[in-house]
Amino acid sequence: MVRHPPYDTIMPFPDNPKERMEFTAADLWSKVLEAASARLPEQTFHTWLAGTVATGLTDSELMVEAPSDFHVEWLEDKYGALLTDLLEQTIGRRLTLKVQCGDQAPPLEVPSLEVAPPDLVPSAPSGGGVMPSPSLNERYSFDRFVVGDNVELATAACHAVAGKLARMYNPLFLYGGVGLGKTHLMHAIGNEIRANTPSSRIAYLPTEQFTNDLVTAIQNGTTAEFRRTYRQIDLLLVDDVQFLQGKERTQEEFFHTFNALYDAKKQIVLTSDRPPKELPGLEERLISRFEWGLVADITQPDYETRIAILRKKAADDDLTLDNDVIDFIARFCTSSVRELEGAVIKLLAYSSLTNQEISVQLARRALQATFGYEAHSAARSLSAERIRSVVANHWNVREEALSSKRRTKDLTVPRQVAMYLIKDLLDYSLVQTGQLFGGRDHSTVIHSIRKVEETMANDASFRRSVEAVRDELMRPA
Ligand code: ADP
Ligand code: MG
């Protein structure tokens with residue numbers, strides 16, 4: 001018998017006659033679901049998969065229906081790969097899983113009126129207070145935030161917003177890379193408002209939480225309540241809105257929440273890892289709203305700011321860290337404040353585990369041994385030749401000239417810097433270092449290193465040049 005797709009049954013393991021057995025779409029999907037339920041947390045399974053129904057099967061495709069577009073999106077996005085793998089394991093070959101929104105899926109449960117709304121949906125704030133979890137972190141205050149050039153505008157804007165809700169910049173949109181202080185600043189606004197006006201209704205929520213709450217509300221038929229809750233807030237802090245991308249239903253709901261709050265003159269603060277215009281998969285109308293107020297960026301802290309942050313952390317947490325150790329960490333960790341914090345924690349742990357006093361040597365070992373592959377490999381692949389060449393390049397001189405006997409100023413400065421960096425980054429001995437520069441003796445090397453240290457202490461622009469070279473050398477290739 002010749003069959004044309006769509007077949008309603010399919011042979012698993014077609015190459016293995018022993019396994020011959022026919023599956024219907026429903027059989028197959030129920031096996032996949034069974035396997036998925038063993039892999040996924042119960043709540044996840046219940047939320048996303050329990051309401052799906054298999055509706056068709058061809059030689060190359062299994063069709064499944066889910067109760068809403070939102071489910072479709074989520075299933076494809078988050079669980080598509082897992083489900084396709086499980087499907088392959090069940091049937092012995094690869095099929096495409098096609099999820100659609102359909103009417104065959106059972107309607108979403110609507111709880112009877114007596115049923116209390118689920119915990120996940122924030123209860124309507126009655127007359128004030130902070131909405132339930134996730135709440136504000138008290139450590140994330142303005143007091144604990146170090147204001148370098150990299151966060152000057154953003155911090156000023158946050159202070160302004162905290163001083164005059166919804167009358168300065170609405171929305172305030174902060175963006176920047178990971179671990180640079182966006183969440184901290186956002187909480188700082190919330191903490192300040194809470195301290196000054198305890199009756200304010202404040203909601204801090206990661207974008208994922210907004211999405212999850214919305215899904216739960218849709219499932220439970222409590223969207224009206226969901227809307228009411230979110231639209232009664234005085235200060236809405238939504239973290240990492242880049243996660244709205246591709247989630248159309250969430251964007252739609254967020255758009256309405258945004259408008260309702262904005263029209264009611266309530267403050268909205270948003271963070272993202274990139275500016276509004278560069279958010280992919282975000283509706284134009286949302287992007288334009290995000291730009292209505294002030295968009296402020298946060299960049300990486302420079303060397304001085306990194307030092308200031310480390311000093312502040314040490315003081316706040318009662319740690320004694322010598323200046324040279326702080327300096328070492330600030331030079332080693334250049335990408336984010338979170339990295340700086342991580343380095344301090346690693347160093348403390350390393351020192352207590354190995355029972356050794358904290359020193360630059362220990363910090364170097366601790367950070368190279370434990371602080372991720374990147375820093376390690378950058379440090380490992382570093383050679384004296386590379387240091388010499390990067391320095392020569394930076395000062396615009398030929399590398400060979402650094403080893404020559406010539407002592408004109410255009411050569412002595414980079415030569416001294418290269419010696420300083422080789423000694424510092426590679427721990428070469430003075431004699432070894434001297435040999436790399438045309439056999440200079442160790443007293444010349446000492447003199448050079450001192451000279452660089454002195455000049456760095458007195459001349460900020462020289463210090464920045466040396467730091468820039470050091471950063472370049474420490475960056476992974
Ligand atoms: P982001 O949200 O941008 O990824 P976070 O706000 O979570 O970054 O910051 C990461 C960590 O660094 C937090 O522990 C935060 O307290 C700290 N931090 C970031 N920037 C600063 C700063 N300027 N001063 C003090 N601590 C900071
Ligand atoms: Mg954050």
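Details of the structure are given in the entry above.
Note that the structure is predicted; figures quoted are calculated from it, not measured. (Residues numbered from 1 in each chain as written. Chains lettered and ligands numbered in written order. Predicted model: local features only at pLDDT ≥ 70, side-chain atom pairs only at ≥ 80, totals over all residues. Heavy atoms only, no water.)

### What about the sheet that holds strand β5 (residues 96–101)?
Working step 1: Here we have three strands laid out as an open sheet, ordered β3-β4-β5, and mixed in their pairing. Of all the strands in the sheet, the pair left with one neighbour each is β3 (53–57) and β5. In this sheet, neighbouring strand axes are inclined to one another by 30 degrees on average, regardless of whether the strands run parallel or antiparallel.
Working step 2: Here β3 runs beside strand β4 (residues 61–66); their pairing, made up of four bridges, is antiparallel. When the bridges of β4 are listed, Gly 56 appears paired with Met 63.
Working step 3: Along the sheet, helix α1 (residues 25–39) makes contact with β3, β4 and β5, crossing β3 at roughly 130 degrees. (Pairing = 2+ DSSP bridges. Helix = DSSP H or I, 4+ residues; strand = E, 2+ residues; numbered from the N terminus. Axes fitted to C-alpha atoms, helices over the stretch in contact; angles between N-to-C directions. Contact = heavy atoms within 4.5 Å.)

### Structural notes on the site of ligand 1
Working step 1: Among the 16 residues in the neighbourhood of ligand 1, the closest are listed as Val 146, Gly 179, Lys 182, Thr 183 and His 184.
Working step 2: One of the backbone N or O atoms of Leu 180 is found 3.2 Å from an oxygen atom in ligand 1.
Working step 3: Here His 184 contributes a side-chain N or O atom positioned 2.6 Å from an oxygen atom of ligand 1.
Working step 4: Contact with the protein chains hides 94% of the accessible area of ligand 1, taken as 550 Å² for the molecule alone.
Working step 5: Residue assignment places the shell around ligand 1 across two domains, with domain 2 (149–298) and domain 3 (303–375) each supplying three or more. (Near = heavy atom within 4 Å. Polar contact = N/O pair within 3.5 Å; in protein donor to acceptor, adjacent residues only side chain to side chain. Areas by Shrake-Rupley, 256 points an atom, 1.4 Å probe, with all protein chains shown as cover. Domains from an automatic or database assignment.)

### Here we look at the environment of Ala 36
Working step 1: Inspection of the secondary structure puts Ala 36 in helix α1.
Working step 2: A relative accessible area of 0% places Ala 36 in the buried class.
Working step 3: The spatial distance from the C-alpha of Ala 36 to the C-alpha of Leu 87 is 9.8 Å, given a sequence separation of 51 residues.
Working step 4: Residue contacts for Ala 36: discarding those within four places in its chain leaves Phe 45, Leu 49, Leu 83 and Leu 86. (Buried < 20%, exposed > 50% of the residue type's maximum accessible area, 1.4 Å probe, protein only.)

### Comments concerning the packing of aromatic side chains
Working step 1: Following the criterion strictly, the structure yields twelve aromatic pairs and no others.
Working step 2: Ring geometry for Phe 258 against Tyr 262: centres 6.1 Å apart, planes inclined by 10 degrees, an arrangement best described as stacked. One end of the pair, Phe 258, and the other, Tyr 262, are both in helix α8 (residues 248–263), four residues apart, so they sit about a helical turn from each other.
Working step 3: What links up through ring pairs into an aromatic cluster is the set Phe 173, Phe 210, Phe 226, Tyr 230, Phe 254, Phe 258, Tyr 262, Phe 290 and Trp 292.
Working step 4: Against the face of Phe 255 rests Arg 285, its NZ or CZ located 3.8 Å from the ring centre.
Working step 5: Above the plane of the ring of Phe 437 lies Arg 388, whose end atom (NZ or CZ) is 5.9 Å from the centre. (Phe/Tyr/Trp six-rings, centres within 6.5 Å; stacked < 30°, edge-to-face > 60°. Lys NZ or Arg CZ within 6 Å of the ring centre and 35° of its normal.)

### Concerning the pattern of salt bridges
Working step 1: This model, assessed by the stated rule, comprises 22 salt bridges.
Working step 2: For Asp 234, the salt bridge goes to Lys 266, with nearest N and O atoms at 3.0 Å. Residue Asp 234 is found in the loop between α7 (223–230) and β9 (235–239), and its partner Lys 266 is found in the loop between α8 and β10 (267–272); the two are separated by 32 residues along the sequence.
Working step 3: Residues joined by salt bridges that share partners form a network here, namely Arg 227, Arg 231, Arg 249 and Glu 253. (Salt bridge = Lys/Arg side-chain N within 4 Å of Asp/Glu carboxyl O.)

### A word on the packing of helix α15 (residues 384–394) against helix α19 (residues 460–474)
Working step 1: Between α15 and α19, the least distance of the axes is 10 Å, while the angle of their chain directions is 135 degrees. Viewed along their axes, α15 and α19 adopt a mutual orientation that is oblique. Between α15 and α19 lies a crossing whose hand is right-handed. Note on element contacts: α19 touches α15 through Ser 465, Ala 468, Val 469, Glu 472 and Leu 473, opposite Arg 386, Ile 387, Val 390, Val 391 and His 394. (Parallel < 35°, antiparallel > 145°, perpendicular 65-115°, else oblique. Left-handed = near helix turned anticlockwise from the far one by under 90°.)

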